[in-house]
Amino acid sequence: MKTKRRNYWSFFWRVGAGFLAFWLVVMIAFSLLMGWQKAQSMLYNIEEHESYFMNDYIDSRLESYVDTDENGVPYTDEALRKNLKSGAFTWEIHGIPAEETPAVRITEAAVVDGDGNVMLSNRYWIEANTSGEWYDDRVFVDMTGQPAEMYELILQAVEFQEGVYPPETTIMAWVDGDLAYPKQIIVQPRRSTGTAWVADGEPTVMQCTYDETNMRGLPLMELHFIKLVIPGPNDFPLDQLAESLASERRIALRELVESGRDGGDDRSICTPWLVQFYTRHIRYCPYTVGEHWVTVCYAAEAYPLKACLPVLLPVWGFSFALAVLFSAILAYALLCVWRKQARIEQVRRDTTAALAHELKTPLSVLSAAAELLAGDMAQDKRAHYLDVIRQQAVRMDGSVRGMLELSRLEAGAKALRREPFSLSDLAQERLDAAVPPGADLHTEVTTDGADTLAADPDLLARALDALLENAVQHTAPGGSIAVRIEKGVCAVVNTGAAIPPDALPRLWEAYYQADASRAEKGSGLGLSIAGTVFGLHGYAYGAENTDEGPRFWFRFG
């Protein structure tokens, strides 16, 4: 089976896609849960605020006005409306926790009389007059529909700063009775000279949003700022309040509560992303000149997910980083597994091919010898071919036995029988057995330090046999083979030819032959069996080229 070549990134993108899908599902569920919990909290807060506004604030405020003023002169509806509008904004902040800022919540309310006239609304949060004196008749500036930059300029102009005197704010506006519609706002910084206030720097001039066709017939007047009552909590950034005041959603809510329609259309919506609350109440007001009933309207919107952003954004970012990290780790692990599997598959194919080649040659010889024996031949030739058959049968038996031995070792079928013994004695014994009688080879076993170890002597003898047989096969007559035991390392060094560098990593694979010309001398399983034995004992092992020749080693201490 042909294995497709893959790299790290091919695994990373596949794993990352799965992690991303799982991460999105989990994080969306987490965000919705947080939003739902926040929505419930916001709805409860809105209902508490509405209860206070309807049952406490409005009643106390309306009851504070009587049918006549301090001189016994009956109030007109217009005078009552003007008194209500003056400072009519503090009710918006009652009962709202500091963290419920307009950036995540919009609250609007209004009181409308029987004729549809707005008696109380927070659209009139700037008081001004023509002279700048407190006792003059005041007008209320309608700031509805202005851009956020305008609100921010006004709020910054009146913001108190210790040691800095507030700038002078002038409003060019069309005036209609006690209402004014701004055209231009001028903010002039100033400083005190000790006896007077003088201009300090260039003024800031900002044009307001207006429809000049609606202002025809109204006088354009210069108004001086007197007082501002911020319609909301005072402990959050001014730019958030400015953005809220300019919000189209807030303007729509304001128009809704100022419409003053009667009817029981109270409603509330609570979702993880939006909370809406709206109610209208009919209240009896004995001070009004005509109809003694007014419509009190209250509406609020809140955005739970927006309120959760300070928590959600770090969680999303951190969890995304973790998802990427886990994807990278898992992709690397999968790549390692795939490469290991690919190596195993390659070894299996090579082993199958080598085993087929290993058995093919003796089978061919056996077949040829058997055919020759079937004919009529001399006795001496018949004996020769029988000897060939026996040799090839022994070779095939050795290959099969080696393959079975390697399989048992790799499967762990043979348990280790550890016992202490002298490694130098075992090495000398196996070296004497490996070198054929009369071979022109110089051999030696040297020891430097302790050579006693606890291991399975039979398995270690099998591994040493493989190393020594390999050394004998690759050492020319007149060469030398040395077994050196020093500092916990046992090494077999021979004076044979150097091993090709590209063959070093594969020497321990089954049936691998670095020198194909010597394939007839061995089965190709010796070094693989030796490596398996060393692995079972937990020994590090390897092969390298040295100035003396090839060196095979294993570390036992």
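Residues numbered from 1 in each chain as written. Predicted model: local features only at pLDDT ≥ 70, side-chain atom pairs only at ≥ 80, totals over all residues. Heavy atoms only, no water.

**Here we look at the overall build of the protein**
If you tally the helices and strands in the protein, you get 10 helices and 20 strands. A separation threshold of at least 6 residues defines the contact pool for the protein, and within that pool the share at least 24 residues apart is 70%. Summed over its atoms, the accessible surface of the protein is roughly 29600 Å², and 56% of this surface lies on carbon and sulfur atoms. (Helix = DSSP H or I, 4+ residues; strand = E, 2+ residues; numbered from the N terminus. Contact = heavy atoms within 4.5 Å. Areas by Shrake-Rupley, 256 points an atom, 1.4 Å probe, with all protein chains shown as cover.)

**Thoughts on the nonpolar core**
In this structure, L423 and L460 are the most contacted members of the largest nonpolar core, which totals 41 residues. Of all the secondary structure elements, the ones that give two or more residues to this core are α8 (423-434), β16 (452-455), α9 (457-473), β17 (480-486), β18 (489-494), α10 (526-537) and β20 (550-555). Looking at which element gives the most residues to this core, the answer is α9, with 10 residues. In this structure L460 touches F421, L423, L426, L453, A455, V533, F534 and Y539, once residues within four positions along its chain are discounted. (Core = buried A, V, L, I, M, F, W, Y, C linked by side-chain atoms within 4.5 Å. Buried < 20%, exposed > 50% of the residue type's maximum accessible area, 1.4 Å probe, protein only.)

**As for α10**
Between its terminal C-alpha atoms α10 stretches 17 Å, which fits the 16 Å expected from 12 residues at 1.5 Å a residue. Of all the 12 residues making up α10, 9 are buried; the element is thus mostly covered by neighbouring parts of the structure. Along α10, the residues classified as buried are L527, S528, I529, A530, G531, T532, V533, F534 and H537. Once α10 ends, the next one or two residues include G538, with phi positive near 80°. (Expected span 1.5 Å × (residues − 1).)

**Details of the side chain of E301**
If you trace the backbone, E301 turns up in strand β13 (residues 293-302). According to the relative accessible area criterion, E301 is buried, its value standing at 3%. Reaching out from E301, the side chain makes a polar contact with the side chain of R249 at a distance of 2.4 Å. Within the local environment of E301, its side chain forms a polar contact with the side chain of Q276, the two groups lying 3.1 Å apart. (Polar contact = N/O pair within 3.5 Å; in protein donor to acceptor, adjacent residues only side chain to side chain.)

**Quick look at the confidence of the model for the protein**
Here the protein averages 79 in pLDDT, and 76% of its residues register 70 or above. Summarising per-element confidence for the protein, the mean pLDDT is lowest in helix α2 (residues 77-85) (66) and highest in β18 (94). Low pLDDT (under 50) marks residues 88-103, which in the prediction has 48 contacts with non-local residues, meaning those over four places away or in another chain. (pLDDT = per-residue confidence, 0-100.)

**Focus on the sheet that holds strand β19 (residues 540-545)**
Sheet architecture is open: 5 strands sit in the order β15-β17-β18-β20-β19, paired in mixed fashion. Strand pairing shows two members of the sheet lacking a second neighbour, β15 (442-448) and β19, which therefore form its edges. For this sheet, the mean inter-axis angle between neighbouring strands, taken without regard to orientation, is 10°. Those strands touched by α9 are β17, β18 and β20, and its axis lies near 20° from that of β18. (Pairing = 2+ DSSP bridges. Axes fitted to C-alpha atoms, helices over the stretch in contact; angles between N-to-C directions.)

**Things to note about the packing of α9 against α10**
With their axes 8 Å apart at the nearest point, α9 and α10 run at an angle of 145° to one another. α10 is crossed by α9, and the crossing has left-handed handedness. Listed contacts from α10 to L459, L460, R462, A463, A466, L467 and N470 of α9 are G526, L527, I529, A530, V533, F534 and H537. Here the residues of the contact of α9 with α10 are counted per class, giving 10 nonpolar, 3 polar and 1 charged. (Left-handed = near helix turned anticlockwise from the far one by under 90°. Nonpolar A, V, L, I, M, F, W, Y, C, P; charged D, E, K, R; others polar.)

**A few points about α9**
Residue pairs three or four apart in sequence face the same way in an α-helix, which turns once every 3.6 residues. The end-to-end C-alpha separation of α9 is 24 Å, in line with the 24 Å expected for 17 residues at 1.5 Å each. With 13 of 17 residues buried, α9 is to be regarded as a mostly interior element. Between the side-chain oxygen at the start of α9 and the backbone nitrogen of D458 there is a gap of 3.1 Å, and the oxygen is on D456.

**Here's the deal with unusual backbone geometry**
Phi is positive for K487, close to 55°, though the residue is something other than glycine. Inspection of the secondary structure puts K487 in the loop between β17 and β18. According to the relative accessible area criterion, K487 is exposed, its value standing at 74%.

**Points about the pattern of salt bridges**
A full pass over the atoms with the stated rule returns 12 salt bridges. Of the charged contacts in the structure, one is a salt bridge between R250 and E108, with a shortest N-O distance of 2.6 Å. With R250 in helix α5 (residues 248-258) and E108 in strand β1 (residues 105-113), this pair connects stretches of sequence that are 142 residues apart. A salt bridge links R254 to E108; its shortest N-O distance comes to 3.2 Å. Here R254 is found in helix α5, whereas its partner E108 is found in strand β1, with 146 residues between them in sequence. Bridged by salt links that share partners, the residues E108, R250 and R254 form one connected network. (Salt bridge = Lys/Arg side-chain N within 4 Å of Asp/Glu carboxyl O.)

**Thoughts on the side chain of R254**
Looking at R254, the relative accessible area reads 3%, which means it is buried. Apart from the residues within four sequence positions on either side, R254 is in contact with E108, S121, N122, R123 and T144.

**Considerations on the environment of L253**
Note on placement: L253 falls in helix α5. Ignoring any residue separated from it by four or fewer positions in sequence, one finds L253 in contact with I106, E108, A299, A300 and E301.

**Some words on the packing of α8 against α9**
Following both chains from N to C, one finds α8 and α9 inclined at 45°, their axes separated by 9 Å at the closest point. Viewed along their axes, α8 and α9 adopt a mutual orientation that is oblique. When you trace α8 past α9, the crossing you get is right-handed. Seen from α8, the contacting residues are L423, L426, A427, R430, L431 and A434; seen from α9, they are P457, L460, A461, L464, D465, L468, E469 and V472. Residues belonging to the contact of α8 with α9 are distributed by class as follows: 11 nonpolar, no polar and 3 charged. (Parallel < 35°, antiparallel > 145°, perpendicular 65-115°, else oblique.)

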